[in-house]
Amino acid sequence: MNRIFADLPNTIFDVMSQAARDLNAINLGQGFPDDPGPLDIREKAADAVLNGYNQYPSMMGLPELRQAVAAHYAHWHGVQLDAMSEVMVTSGATEALTGSILGLVEPGDEVLVFQPMYDCYVPIIRAAGGVPKFLRLEPPDWRLPEEAIRAAITPKTKYVILNNPLNPAAVVYPREDLEMLGRICQEFDLIAICDEVWEHVVFDGRAHIPLIAIPGMRERTVKVGSAGKMFGLTGWKVGFVCAAPPILRVLAKTHQFITFTTPPSLQVAVAYGLGKPDEYFLQMRAELARSRDRLRAGLSALGFPVLQSQGTYFLNVDLASLGLNETDEAFCKRLVHDHRVAAIPVSAFYEENHVTSVVRFCFSKKDATLDEALERLSRVVRK
Ligand code: PMP
Ligand code: GLN
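Figured I'd write up the structure that's included with this text. (Residues numbered from 1 in each chain as written. Chains lettered and ligands numbered in written order. Predicted model: local features only at pLDDT ≥ 70, side-chain atom pairs only at ≥ 80, totals over all residues. Heavy atoms only, no water.)

## Points about the nonpolar core
Test applied: Among the buried residues, those of types Ala, Val, Leu, Ile, Met, Phe, Trp, Tyr and Cys that are joined through side-chain atoms within 4.5 Å form a nonpolar core. Each residue is placed in one exposure class: buried if its accessible area under a 1.4 Å probe, protein chains only, is under 20% of its type's maximum, exposed if it is over 50%, and partly exposed if it falls in between. Segments assigned H or I by DSSP are reported as helices when at least four residues long, segments assigned E as strands when at least two residues long, and all are numbered from the N terminus.
Leu65, Val222, Phe231, Phe240 and Phe361 are the most contacted members of the largest nonpolar core, which totals 91 residues. The dominant element in this core, judged by the number of residues it contributes, is helix α13 (residues 278-301), at 7 residues. The next biggest cluster of nonpolar side chains, apart from the first, holds 42 residues, and it includes Ile153, Cys185, Leu307 and Val355.

What follows is the structure, given as C-alpha coordinates:
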(Lines give C-alpha, C1' and ligand atoms only; values in the text may rest on other atoms or scores of the structure.)
(Ligands and ions follow the chains in the order given, each with its own letter.)
Protein backbone atom coordinates (compact mmCIF):
# COMPACT_ATOMS: atom_id res chain seq x y z
CA MET A 1 0.00 0.00 0.00
CA ASN A 2 1.16 3.51 -0.69
CA ARG A 3 1.59 5.02 2.78
CA ILE A 4 1.16 8.55 1.38
CA PHE A 5 -2.50 7.77 0.83
CA ALA A 6 -3.09 4.90 3.26
CA ASP A 7 -2.11 7.04 6.24
CA LEU A 8 -4.26 10.02 5.31
CA PRO A 9 -7.30 10.88 7.42
CA ASN A 10 -10.61 11.16 5.56
CA THR A 11 -10.96 14.67 4.19
CA ILE A 12 -12.46 16.99 6.79
CA PHE A 13 -15.15 18.06 4.29
CA ASP A 14 -16.53 14.55 4.02
CA VAL A 15 -16.13 13.85 7.73
CA MET A 16 -18.16 16.91 8.66
CA SER A 17 -20.80 16.40 5.96
CA GLN A 18 -21.23 12.79 7.06
CA ALA A 19 -21.56 13.92 10.68
CA ALA A 20 -24.15 16.49 9.58
CA ARG A 21 -26.13 13.78 7.79
CA ASP A 22 -25.84 11.30 10.68
CA LEU A 23 -26.81 13.85 13.32
CA ASN A 24 -29.32 15.73 11.19
CA ALA A 25 -27.27 18.90 11.72
CA ILE A 26 -27.26 22.14 9.75
CA ASN A 27 -24.25 21.83 7.48
CA LEU A 28 -22.19 25.02 7.45
CA GLY A 29 -19.07 22.89 6.93
CA GLN A 30 -18.37 21.78 3.35
CA GLY A 31 -18.73 24.68 0.94
CA PHE A 32 -21.84 24.39 -1.21
CA PRO A 33 -24.98 26.47 -1.67
CA ASP A 34 -28.33 25.08 -0.55
CA ASP A 35 -30.21 26.25 -3.63
CA PRO A 36 -30.37 24.18 -6.81
CA GLY A 37 -28.29 26.57 -8.95
CA PRO A 38 -29.19 28.63 -12.04
CA LEU A 39 -32.19 27.09 -13.81
CA ASP A 40 -31.15 28.13 -17.32
CA ILE A 41 -27.76 26.43 -16.98
CA ARG A 42 -29.34 23.25 -15.60
CA GLU A 43 -31.86 23.27 -18.44
CA LYS A 44 -29.01 23.48 -20.96
CA ALA A 45 -27.42 20.44 -19.34
CA ALA A 46 -30.71 18.53 -19.30
CA ASP A 47 -31.32 19.34 -22.94
CA ALA A 48 -27.80 18.23 -23.82
CA VAL A 49 -28.35 14.90 -22.03
CA LEU A 50 -31.65 14.30 -23.82
CA ASN A 51 -30.93 15.67 -27.26
CA GLY A 52 -27.18 16.13 -27.48
CA TYR A 53 -24.08 14.03 -27.90
CA ASN A 54 -23.34 11.69 -25.01
CA GLN A 55 -20.32 9.76 -26.27
CA TYR A 56 -16.69 10.60 -25.50
CA PRO A 57 -16.08 14.25 -26.27
CA SER A 58 -12.65 15.38 -27.44
CA MET A 59 -9.93 14.76 -24.91
CA MET A 60 -9.02 18.44 -24.44
CA GLY A 61 -12.65 19.44 -23.95
CA LEU A 62 -15.41 20.64 -26.28
CA PRO A 63 -14.04 23.40 -28.54
CA GLU A 64 -17.07 25.53 -27.67
CA LEU A 65 -16.22 25.34 -23.97
CA ARG A 66 -12.52 26.04 -24.51
CA GLN A 67 -13.48 29.07 -26.60
CA ALA A 68 -15.96 30.17 -23.94
CA VAL A 69 -13.26 29.94 -21.25
CA ALA A 70 -10.83 32.01 -23.34
CA ALA A 71 -13.53 34.59 -24.12
CA HIS A 72 -14.59 34.72 -20.47
CA TYR A 73 -11.08 35.44 -19.19
CA ALA A 74 -10.44 37.97 -21.97
CA HIS A 75 -13.63 39.78 -20.95
CA TRP A 76 -13.24 39.62 -17.17
CA HIS A 77 -9.48 39.78 -16.73
CA GLY A 78 -8.04 41.05 -20.00
CA VAL A 79 -6.06 37.80 -20.34
CA GLN A 80 -5.68 36.66 -23.95
CA LEU A 81 -5.54 32.87 -24.18
CA ASP A 82 -5.51 30.73 -27.29
CA ALA A 83 -8.48 28.39 -26.80
CA MET A 84 -6.90 25.51 -28.67
CA SER A 85 -3.34 25.53 -27.33
CA GLU A 86 -3.77 27.10 -23.90
CA VAL A 87 -7.10 25.88 -22.46
CA MET A 88 -8.08 22.34 -21.40
CA VAL A 89 -11.23 21.09 -19.71
CA THR A 90 -10.88 18.77 -16.70
CA SER A 91 -13.23 16.96 -14.33
CA GLY A 92 -13.15 19.65 -11.70
CA ALA A 93 -10.32 21.74 -10.33
CA THR A 94 -9.28 18.73 -8.28
CA GLU A 95 -8.34 16.88 -11.44
CA ALA A 96 -6.67 19.96 -12.92
CA LEU A 97 -4.53 20.38 -9.79
CA THR A 98 -3.69 16.68 -9.54
CA GLY A 99 -2.75 16.52 -13.21
CA SER A 100 -0.70 19.71 -12.99
CA ILE A 101 1.29 18.49 -10.01
CA LEU A 102 1.82 14.98 -11.43
CA GLY A 103 2.75 16.37 -14.83
CA LEU A 104 5.20 18.99 -13.64
CA VAL A 105 6.80 17.97 -10.35
CA GLU A 106 9.79 15.64 -10.62
CA PRO A 107 11.21 13.57 -7.74
CA GLY A 108 13.20 15.83 -5.42
CA ASP A 109 11.62 19.08 -6.63
CA GLU A 110 10.62 21.40 -3.82
CA VAL A 111 7.18 22.99 -3.97
CA LEU A 112 6.27 26.02 -1.87
CA VAL A 113 2.81 25.76 -0.30
CA PHE A 114 1.10 28.35 1.84
CA GLN A 115 -0.74 27.19 4.95
CA PRO A 116 -3.68 27.21 5.43
CA MET A 117 -3.89 25.15 2.24
CA TYR A 118 -6.58 23.19 0.50
CA ASP A 119 -6.13 19.55 1.39
CA CYS A 120 -5.54 17.96 -2.00
CA TYR A 121 -2.18 19.57 -2.86
CA VAL A 122 0.26 17.91 -0.51
CA PRO A 123 -0.53 14.19 -0.96
CA ILE A 124 -0.21 14.62 -4.72
CA ILE A 125 3.07 16.55 -4.42
CA ARG A 126 4.38 13.66 -2.34
CA ALA A 127 3.02 11.04 -4.74
CA ALA A 128 4.97 12.79 -7.49
CA GLY A 129 8.11 12.49 -5.35
CA GLY A 130 8.15 16.22 -4.66
CA VAL A 131 8.88 17.84 -1.33
CA PRO A 132 6.36 20.37 0.02
CA LYS A 133 7.92 23.37 1.77
CA PHE A 134 5.41 24.97 4.07
CA LEU A 135 5.01 28.68 4.60
CA ARG A 136 2.64 29.94 7.22
CA LEU A 137 0.11 32.69 6.61
CA GLU A 138 -1.03 34.48 9.73
CA PRO A 139 -4.48 35.70 10.74
CA PRO A 140 -6.02 38.21 10.59
CA ASP A 141 -4.63 39.41 7.21
CA TRP A 142 -2.98 36.27 5.81
CA ARG A 143 -0.67 38.37 3.54
CA LEU A 144 2.09 36.68 1.51
CA PRO A 145 5.31 36.87 3.54
CA GLU A 146 8.11 37.95 1.16
CA GLU A 147 11.01 37.34 3.52
CA ALA A 148 9.82 33.89 4.51
CA ILE A 149 9.26 32.96 0.87
CA ARG A 150 12.76 34.04 -0.08
CA ALA A 151 14.23 32.20 2.88
CA ALA A 152 12.43 28.96 1.92
CA ILE A 153 13.78 28.88 -1.63
CA THR A 154 16.68 26.52 -2.38
CA PRO A 155 18.24 25.42 -5.69
CA LYS A 156 15.70 22.55 -5.67
CA THR A 157 12.65 24.83 -5.46
CA LYS A 158 10.74 24.65 -8.75
CA TYR A 159 7.08 25.42 -8.04
CA VAL A 160 4.81 27.46 -5.84
CA ILE A 161 1.12 26.74 -5.30
CA LEU A 162 -1.07 29.75 -4.68
CA ASN A 163 -4.78 29.64 -3.89
CA ASN A 164 -6.39 33.00 -4.58
CA PRO A 165 -9.03 33.87 -3.40
CA LEU A 166 -7.89 31.78 -0.46
CA ASN A 167 -10.00 29.02 1.04
CA PRO A 168 -10.42 28.96 4.05
CA ALA A 169 -9.03 32.41 4.91
CA ALA A 170 -11.44 34.25 2.58
CA VAL A 171 -8.74 36.68 1.41
CA VAL A 172 -8.55 38.14 -2.10
CA TYR A 173 -4.89 38.95 -2.69
CA PRO A 174 -4.05 42.52 -3.67
CA ARG A 175 -1.93 43.30 -6.72
CA GLU A 176 1.03 44.18 -4.53
CA ASP A 177 1.31 40.62 -3.12
CA LEU A 178 0.84 39.05 -6.55
CA GLU A 179 3.50 41.27 -8.12
CA MET A 180 5.88 40.38 -5.30
CA LEU A 181 5.26 36.67 -5.88
CA GLY A 182 5.62 37.20 -9.64
CA ARG A 183 9.03 38.87 -9.15
CA ILE A 184 10.17 35.97 -6.99
CA CYS A 185 8.98 33.39 -9.54
CA GLN A 186 10.98 35.15 -12.24
CA GLU A 187 14.06 35.69 -10.10
CA PHE A 188 14.23 32.01 -9.07
CA ASP A 189 12.73 30.50 -12.23
CA LEU A 190 9.64 29.05 -10.49
CA ILE A 191 6.37 28.00 -12.09
CA ALA A 192 3.22 28.98 -10.17
CA ILE A 193 0.27 26.60 -9.99
CA CYS A 194 -2.57 28.94 -9.21
CA ASP A 195 -5.83 27.56 -7.81
CA GLU A 196 -8.37 30.26 -8.67
CA VAL A 197 -11.62 28.34 -8.25
CA TRP A 198 -13.07 31.19 -6.17
CA GLU A 199 -12.24 33.86 -8.79
CA HIS A 200 -15.85 35.01 -9.20
CA VAL A 201 -16.78 34.84 -5.53
CA VAL A 202 -15.38 38.21 -4.45
CA PHE A 203 -17.19 40.91 -2.51
CA ASP A 204 -17.47 44.64 -1.85
CA GLY A 205 -16.37 45.66 -5.34
CA ARG A 206 -13.09 43.75 -5.14
CA ALA A 207 -11.63 42.41 -8.38
CA HIS A 208 -9.84 39.09 -8.60
CA ILE A 209 -6.46 39.47 -10.30
CA PRO A 210 -5.24 36.25 -11.90
CA LEU A 211 -1.53 35.61 -11.36
CA ILE A 212 -1.17 34.78 -15.06
CA ALA A 213 -2.00 38.46 -15.79
CA ILE A 214 0.89 39.76 -13.67
CA PRO A 215 3.80 40.98 -15.84
CA GLY A 216 6.26 38.18 -16.57
CA MET A 217 3.90 35.40 -15.38
CA ARG A 218 2.15 34.60 -18.65
CA GLU A 219 4.58 31.79 -19.54
CA ARG A 220 5.10 30.46 -16.01
CA THR A 221 1.61 30.19 -14.51
CA VAL A 222 -0.84 27.32 -14.54
CA LYS A 223 -4.29 28.83 -13.95
CA VAL A 224 -6.93 26.48 -12.55
CA GLY A 225 -10.65 27.35 -12.48
CA SER A 226 -13.91 25.54 -11.71
CA ALA A 227 -17.46 25.94 -12.95
CA GLY A 228 -18.63 24.55 -9.61
CA LYS A 229 -17.90 27.82 -7.82
CA MET A 230 -18.74 30.14 -10.72
CA PHE A 231 -22.30 28.86 -10.91
CA GLY A 232 -22.90 27.38 -7.47
CA LEU A 233 -23.07 23.88 -8.98
CA THR A 234 -20.37 22.25 -6.89
CA GLY A 235 -21.29 18.67 -7.81
CA TRP A 236 -20.71 19.20 -11.51
CA LYS A 237 -16.93 18.92 -11.37
CA VAL A 238 -16.15 20.78 -14.56
CA GLY A 239 -12.77 22.52 -14.31
CA PHE A 240 -10.43 24.34 -16.63
CA VAL A 241 -6.69 24.61 -16.77
CA CYS A 242 -4.97 27.37 -18.71
CA ALA A 243 -1.24 27.57 -19.39
CA ALA A 244 1.24 28.45 -22.12
CA PRO A 245 1.47 25.72 -24.82
CA PRO A 246 4.71 24.02 -23.63
CA ILE A 247 3.13 23.50 -20.18
CA LEU A 248 -0.38 22.64 -21.37
CA ARG A 249 1.01 19.97 -23.73
CA VAL A 250 2.38 18.12 -20.68
CA LEU A 251 -0.82 18.59 -18.65
CA ALA A 252 -2.77 17.05 -21.54
CA LYS A 253 -0.71 13.88 -21.02
CA THR A 254 -1.69 13.52 -17.37
CA HIS A 255 -5.31 14.40 -18.09
CA GLN A 256 -5.55 11.69 -20.75
CA PHE A 257 -4.82 9.03 -18.14
CA ILE A 258 -6.61 10.50 -15.12
CA THR A 259 -10.09 11.06 -16.53
CA PHE A 260 -9.48 11.54 -20.28
CA THR A 261 -12.75 13.46 -20.69
CA THR A 262 -15.52 15.27 -18.80
CA PRO A 263 -19.28 14.73 -19.38
CA PRO A 264 -20.14 16.57 -22.63
CA SER A 265 -23.62 17.64 -21.48
CA LEU A 266 -22.14 19.54 -18.56
CA GLN A 267 -19.50 21.07 -20.81
CA VAL A 268 -22.21 22.42 -23.14
CA ALA A 269 -24.05 23.97 -20.20
CA VAL A 270 -20.91 25.50 -18.70
CA ALA A 271 -19.98 27.02 -22.07
CA TYR A 272 -23.41 28.65 -22.08
CA GLY A 273 -22.99 29.82 -18.47
CA LEU A 274 -19.62 31.45 -19.09
CA GLY A 275 -21.26 33.69 -21.66
CA LYS A 276 -23.91 34.96 -19.28
CA PRO A 277 -24.05 38.75 -18.93
CA ASP A 278 -21.98 40.45 -16.26
CA GLU A 279 -25.13 41.04 -14.20
CA TYR A 280 -25.41 37.33 -13.41
CA PHE A 281 -21.97 37.25 -11.80
CA LEU A 282 -22.44 40.60 -10.06
CA GLN A 283 -25.80 39.57 -8.69
CA MET A 284 -24.39 36.27 -7.44
CA ARG A 285 -21.70 38.22 -5.58
CA ALA A 286 -24.23 40.64 -4.12
CA GLU A 287 -26.49 37.82 -2.89
CA LEU A 288 -23.60 35.94 -1.33
CA ALA A 289 -22.31 39.13 0.30
CA ARG A 290 -25.76 39.63 1.79
CA SER A 291 -25.66 36.12 3.27
CA ARG A 292 -22.15 36.78 4.57
CA ASP A 293 -23.36 39.96 6.25
CA ARG A 294 -26.30 38.15 7.81
CA LEU A 295 -24.10 35.44 9.32
CA ARG A 296 -21.44 37.97 10.30
CA ALA A 297 -23.94 40.18 12.10
CA GLY A 298 -25.43 37.19 13.90
CA LEU A 299 -22.08 35.75 14.96
CA SER A 300 -20.84 39.16 16.12
CA ALA A 301 -23.99 39.70 18.14
CA LEU A 302 -23.30 36.39 19.89
CA GLY A 303 -19.81 37.61 20.75
CA PHE A 304 -17.81 35.58 18.23
CA PRO A 305 -14.79 37.51 16.93
CA VAL A 306 -15.36 37.35 13.16
CA LEU A 307 -12.48 37.65 10.69
CA GLN A 308 -13.00 39.51 7.42
CA SER A 309 -14.36 37.67 4.40
CA GLN A 310 -13.37 39.29 1.11
CA GLY A 311 -14.40 36.32 -1.02
CA THR A 312 -15.30 32.56 -1.09
CA TYR A 313 -18.36 31.08 0.65
CA PHE A 314 -16.65 31.29 4.03
CA LEU A 315 -16.53 33.32 7.20
CA ASN A 316 -14.06 32.52 9.98
CA VAL A 317 -14.28 33.13 13.68
CA ASP A 318 -11.25 33.23 15.93
CA LEU A 319 -12.06 31.47 19.19
CA ALA A 320 -8.83 32.60 20.86
CA SER A 321 -10.34 35.46 22.84
CA LEU A 322 -13.50 33.61 23.90
CA GLY A 323 -11.82 31.78 26.75
CA LEU A 324 -13.45 28.48 25.76
CA ASN A 325 -10.21 26.63 26.39
CA GLU A 326 -10.66 24.16 23.54
CA THR A 327 -9.16 23.69 20.09
CA ASP A 328 -11.02 24.41 16.86
CA GLU A 329 -11.37 20.66 16.36
CA ALA A 330 -12.87 20.09 19.82
CA PHE A 331 -15.17 23.06 19.32
CA CYS A 332 -16.40 21.72 15.95
CA LYS A 333 -16.99 18.25 17.42
CA ARG A 334 -18.97 19.71 20.29
CA LEU A 335 -20.86 22.00 17.94
CA VAL A 336 -22.03 19.23 15.65
CA HIS A 337 -22.75 16.65 18.38
CA ASP A 338 -24.34 18.85 21.01
CA HIS A 339 -25.83 21.67 18.94
CA ARG A 340 -26.23 20.11 15.48
CA VAL A 341 -24.31 22.67 13.46
CA ALA A 342 -21.42 21.45 11.30
CA ALA A 343 -18.42 23.75 10.70
CA ILE A 344 -14.81 23.19 9.64
CA PRO A 345 -11.80 23.45 11.99
CA VAL A 346 -9.22 25.51 10.11
CA SER A 347 -6.36 23.48 11.64
CA ALA A 348 -7.29 20.81 9.05
CA PHE A 349 -5.70 23.11 6.45
CA TYR A 350 -2.27 22.89 8.13
CA GLU A 351 0.34 20.17 8.00
CA GLU A 352 2.65 21.69 10.62
CA ASN A 353 2.58 24.68 12.96
CA HIS A 354 -1.22 24.49 13.08
CA VAL A 355 -3.37 27.51 13.83
CA THR A 356 -5.89 25.86 16.21
CA SER A 357 -8.26 28.65 17.13
CA VAL A 358 -10.09 29.41 13.87
CA VAL A 359 -13.39 27.86 12.75
CA ARG A 360 -14.83 28.20 9.23
CA PHE A 361 -18.54 28.60 8.52
CA CYS A 362 -20.10 28.39 5.04
CA PHE A 363 -22.70 31.12 4.48
CA SER A 364 -23.96 30.23 0.97
CA LYS A 365 -27.30 29.18 2.51
CA LYS A 366 -30.88 30.36 2.74
CA ASP A 367 -31.61 33.01 5.38
CA ALA A 368 -33.72 30.57 7.38
CA THR A 369 -30.83 28.07 7.47
CA LEU A 370 -28.39 30.73 8.69
CA ASP A 371 -30.88 32.00 11.27
CA GLU A 372 -31.52 28.54 12.67
CA ALA A 373 -27.76 27.88 12.83
CA LEU A 374 -27.30 31.16 14.72
CA GLU A 375 -30.05 30.20 17.14
CA ARG A 376 -28.22 26.94 17.86
CA LEU A 377 -24.90 28.75 18.14
CA SER A 378 -26.35 31.07 20.74
CA ARG A 379 -26.61 28.06 23.05
CA VAL A 380 -22.90 27.36 22.65
CA VAL A 381 -21.84 30.68 24.05
CA ARG A 382 -24.59 30.73 26.68
CA LYS A 383 -23.59 27.11 27.53
N1 PMP B 1 -9.50 24.27 -4.71
C2 PMP B 1 -10.13 24.93 -3.76
C3 PMP B 1 -9.44 26.03 -3.03
C4 PMP B 1 -11.46 24.58 -3.42
O5 PMP B 1 -12.07 25.25 -2.45
C6 PMP B 1 -12.07 23.54 -4.12
C7 PMP B 1 -13.45 23.07 -3.78
N8 PMP B 1 -14.29 24.03 -3.48
C9 PMP B 1 -11.37 22.89 -5.13
C10 PMP B 1 -10.08 23.27 -5.39
C11 PMP B 1 -11.98 21.76 -5.90
O12 PMP B 1 -12.78 22.19 -6.95
P13 PMP B 1 -13.64 21.14 -7.81
O14 PMP B 1 -14.85 20.83 -7.04
O15 PMP B 1 -13.91 21.85 -9.09
O16 PMP B 1 -12.77 19.93 -8.02
N1 GLN C 1 -14.03 23.12 -1.51
C2 GLN C 1 -15.03 22.70 -0.58
C3 GLN C 1 -14.76 23.34 0.77
O4 GLN C 1 -13.74 23.92 0.97
C5 GLN C 1 -15.04 21.23 -0.35
C6 GLN C 1 -14.75 20.34 -1.50
C7 GLN C 1 -14.58 18.94 -1.03
O8 GLN C 1 -15.40 18.45 -0.27
N9 GLN C 1 -13.52 18.31 -1.42
O10 GLN C 1 -15.56 23.23 1.63
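## Overview of the sheet that holds strand β7 (residues 221-226)
To keep it simple, the criterion reads: For two strands to count as paired, DSSP must find a minimum of two bridges between them. Where helices are involved, their axes are fitted lines through C-alpha atoms of the stretch in contact, as for all axes, and angles between N-to-C directions lie from 0 to 180°.
Read across the sheet, 7 strands follow the order β2-β8-β7-β6-β5-β3-β4 without closing on themselves; strand pairing throughout is mixed. Each of the sheet's edge strands pairs with one partner strand only, and the pair in question is β2 (87-90) and β4 (131-136). In this sheet, neighbouring strand axes are inclined to one another by 20 degrees on average, regardless of whether the strands run parallel or antiparallel. The sheet contact formed by strand β5 (residues 157-163) and strand β6 (residues 191-195) spans 5 bridges and is parallel. By the bridge assignment, Asn163 is partnered in β6 with Asp195.

## Some thoughts on the site of ligand 1
What counts here: Near is defined per residue: the residue qualifies when any heavy atom it owns lies within 4 Å of the molecule or strand. Any pair of nitrogen or oxygen atoms within 3.5 Å is treated as a polar contact; in protein, a donor-acceptor pairing is required on top of that, and neighbouring residues in sequence qualify only through side-chain atoms on both sides. Here, Shrake-Rupley sampling with a 1.4 Å probe gives the accessible areas, and only protein chains in the shown set may cover a residue. Here the nonpolar group is Ala, Val, Leu, Ile, Met, Phe, Trp, Tyr, Cys and Pro; Asp, Glu, Lys and Arg are the charged ones; every other residue, Gly included, is treated as polar.
In the region of ligand 1, 13 residues are neighbours, and Thr94, Asp195, Ser226, Lys229 and Lys237 sit closest. The separation between an oxygen atom of ligand 1 and a polar main-chain atom of Ala93 is 2.8 Å. Protein chains shield 93% of the accessible area of ligand 1, which is 400 Å² for the free molecule. Ranked by residue count, the leading element in the shell around ligand 1 is helix α6 (residues 92-104), at 4 residues. A per-class count over the shell around ligand 1 returns 5 nonpolar, 5 polar and 3 charged.

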